[in-house]
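Observations on the model geometry
Chain by chain, the residues run as shown.
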Amino acid sequence: MRFVELDELKVGMIPAEDIYDEGNKVMLLDSSKALDEHYIEGLRKNNIQGIYIEDALSKGLVIHDAINRVQRKRTVNALKNMDFDATRNEAKGIVSGIVKHGTISMDMKDMRDFDNYTFFHSVNVAVLATVIGKGYGLNSTDLLRLCESGLFHDLGKTKVDKNILNKPGRLTKEEFAEIKKHTEFSYEILKERKDIIEDVRLGALYHHENYDGTGYPHGLAGEKIPLFARILRVADVYDSLMSKRPYKEPFPSNETIEYLMGGSGTLFDPKVVISFVKAVPVFPLGQTVRLSDGREGFVCENNHQSVLRPKIKLFDGSILDLAAPKNLSLGIKVTGTEQPDMAEEFARRALWSTDEKKTVMICDKKEDYTSIMSDFEVEFATDIKVLVKDMMKNGIPDLLILHMDEDITNLPIALQLHKAFPNLKLVFSFDRFERSMLLKLTDTRAVDYLIKPYNDINLRERIQKAIER
Ligand SMILES: [Fe+2]
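Scoring rules and cut-offs
Residues numbered from 1 in each chain as written. Predicted model: local features only at pLDDT ≥ 70, side-chain atom pairs only at ≥ 80, totals over all residues. Axes fitted to C-alpha atoms, helices over the stretch in contact; angles between N-to-C directions. Helix = DSSP H or I, 4+ residues; strand = E, 2+ residues; numbered from the N terminus. Parallel < 35°, antiparallel > 145°, perpendicular 65-115°, else oblique. Contact = placed C-beta atoms within 7 Å. Nonpolar A, V, L, I, M, F, W, Y, C, P; charged D, E, K, R; others polar. Pairing = 2+ DSSP bridges. Buried ≥ 20, exposed ≤ 12 C-beta atoms within 10 Å, placed from the backbone. Core = buried A, V, L, I, M, F, W, Y, C linked by C-beta atoms within 7 Å.

Relative orientation of the contacting elements helix α4 (residues 117–136) and helix α12 (residues 270–279) amounts to 105 degrees, with a least axis distance of 8 Å. Taken together, the axes of α4 and α12 lie roughly perpendicular to each other. Each of V131, I132, K134, G135 and Y136 in α4 lies in contact with α12, whose residues at this interface are V272, S275, F276, K278 and A279. Residues of the contact of α4 with α12, tallied by class, amount to 6 nonpolar, 2 polar and 2 charged.

Written out as structure tokens, the structure reads:
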């Protein structure tokens, strides 16, 4: 079986599972019948954003979900009704599934309308946190507590005004202050339950603390933030970036990973980010994808060393290894996900044009940066030694982008640069990213990591953000 997004579903495809509506009453899809217009419309009306299908191409591909649709709905309802016993019971099922199969469901966008967003989000965070926790080496007792903490972490949002929670556009200071209270509300709600242990409550209380101490509610830093909260922080941000909200489109999966890596050491505990990269498949098995050259297929095997470069089974039946050197220039996109809206993009650019152009020094291939030439004062350096001399004489640029090859040959120089110019903002670029590289790069304090091939709009925004950090 493979997963196909709603917009890519075609009449005649065979569903791999029966699907019911939210109340579990009306059967929307019968796996013994092929899709027709009526079925597809039913899925759309019920906010189901994609389904597993069976076809000859994906025959033999078995996907173990950590949580299936029925379980997910049951958990959401238990949370919604504040039925603690039922919710904790569901946590047991989630943890045993993950311990057994070690995978997570990819179908994480299932049926989230805005009213129920918090509950669906909480279930995803719990699943992700448990997978990360497993990668971190936690035992099953701790995994169960962590999963409970994930399920309950945002309960406090039920006490925050819905209009503020779902407000599209920018929040005022007062509105943001209101939203921030949800962590303490969660703690208070959980405190009333004597059977829930303090670790579970603290995970909820501190899930918005940043590793560098800039989070809330108490501004805790580093290991002072309880481990559950450090794990929930990563799971929470990941799921938020991946979801569609009134004010944003979902981020493509590979860019979400780059975001997590960029926040390693500032927003997130680097050890937790590493566990995440190790354990969470960026492109889950069976996900239908489109390559930058237009070819389509689905993920048939994950590469655990190079998480952004899985093997793809193309629709012509051939298998393409994206980690092979000749395929490194191919971009990968989950089908059915939208690119950022151009109007928003123009608004953003207009905003920047009022500022003086920032200088970006780039030690990398010129042709990869043509899209940002008009937005920044860009200078290229071919030799890193010449560049260092230049900085000694003329001062540092607003940002330096330094290319890292597979052997991270530029690592010593990056460390020296950091020592010599503590205020220098450094971004690393990669043709190919290996998990093992991240471990070696944590001391260099890069503000972001860019993995090629770039998405032009995203590149501009990422560089702007890196400068502002
Ligand atoms: Fe939260």
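Turning to the sheet that holds strand β7 (residues 296–301), a few remarks are in order. Taking strand neighbours across the sheet as the criterion, the 5 strands line up as β9-β8-β7-β6-β10 in an open arrangement whose pairing is antiparallel. Of all strands in the sheet, those bounded by a partner on one side alone are β9 (319–321) and β10 (332–334). For this sheet, the mean inter-axis angle between neighbouring strands, taken without regard to orientation, is 40 degrees. Sheet topology note: the β7/strand β8 (residues 311–314) ladder contains 4 bridges and is antiparallel. Bridge pairing in β8 links G297 to L314.

A few words now on helix α9 (residues 198–205). All of the buried residues in α9 are V200, R201, G203, A204 and L205. Contacts made by the buried residues of α9 are with α5 (140–152), α8 (182–191) and α10 (227–242).

Looking now at unusual backbone geometry. For the peptide bond that leads from Y216 to P217, omega is 10 degrees, which places it in the cis range. Within the fold, P217 resides in the loop between α9 and α10. Located in the positive-phi region is M82, a residue other than glycine, with phi close to 55 degrees. Checked against the element boundaries, M82 lands in the loop between α2 (69–80) and α3 (84–101). The phi dihedral of I408 is positive, around 40 degrees, even though this residue is not glycine.

Let's shift gears to the environment of N163. Looking at the secondary structure, you find N163 in helix α6 (residues 162–165). You can call N163 exposed: it has 8 C-beta atoms within 10 Å. Between the C-alpha atom of N163 and that of E175, which follows or precedes it by 12 residues, the distance is 9.9 Å.

Where strand β6 (residues 288–291) meets β7, 3 bridges bridge the pair, whose relative direction is antiparallel. Note that in β7 the partner of T288 across the bridge is F298. Here β6 folds back onto β7 in antiparallel fashion, the turn holding 4 residues, of which G294 has a positive phi close to 95 degrees. The sheet contact formed by β6 and β10 spans 3 bridges and is antiparallel. Note that in β10 the partner of L291 across the bridge is I332.

The next point concerns the nonpolar core. The tendency in soluble globular proteins is for nonpolar side chains to be buried side by side. A129, I132, C147, I231 and V234 are the most contacted members of the largest nonpolar core, which has 93 residues in total. If you tally residues by element for this core, the top one is α4, at 11 residues. Apart from the residues within four sequence positions on either side, I231 is in contact with A129, I132, G133, Y136, L146 and V272. Listed in part, the 14 residues of the second largest apolar core include F3, L9, A16 and I51.

A few words on the environment of S429. Relative to the assigned elements, S429 resides in strand β14 (residues 426–430). With near-sequence residues (within four places) excluded, S429 lies in contact with D364, I401, H403, M404, L450 and K452.

Shape is all these values report; function is a separate question.
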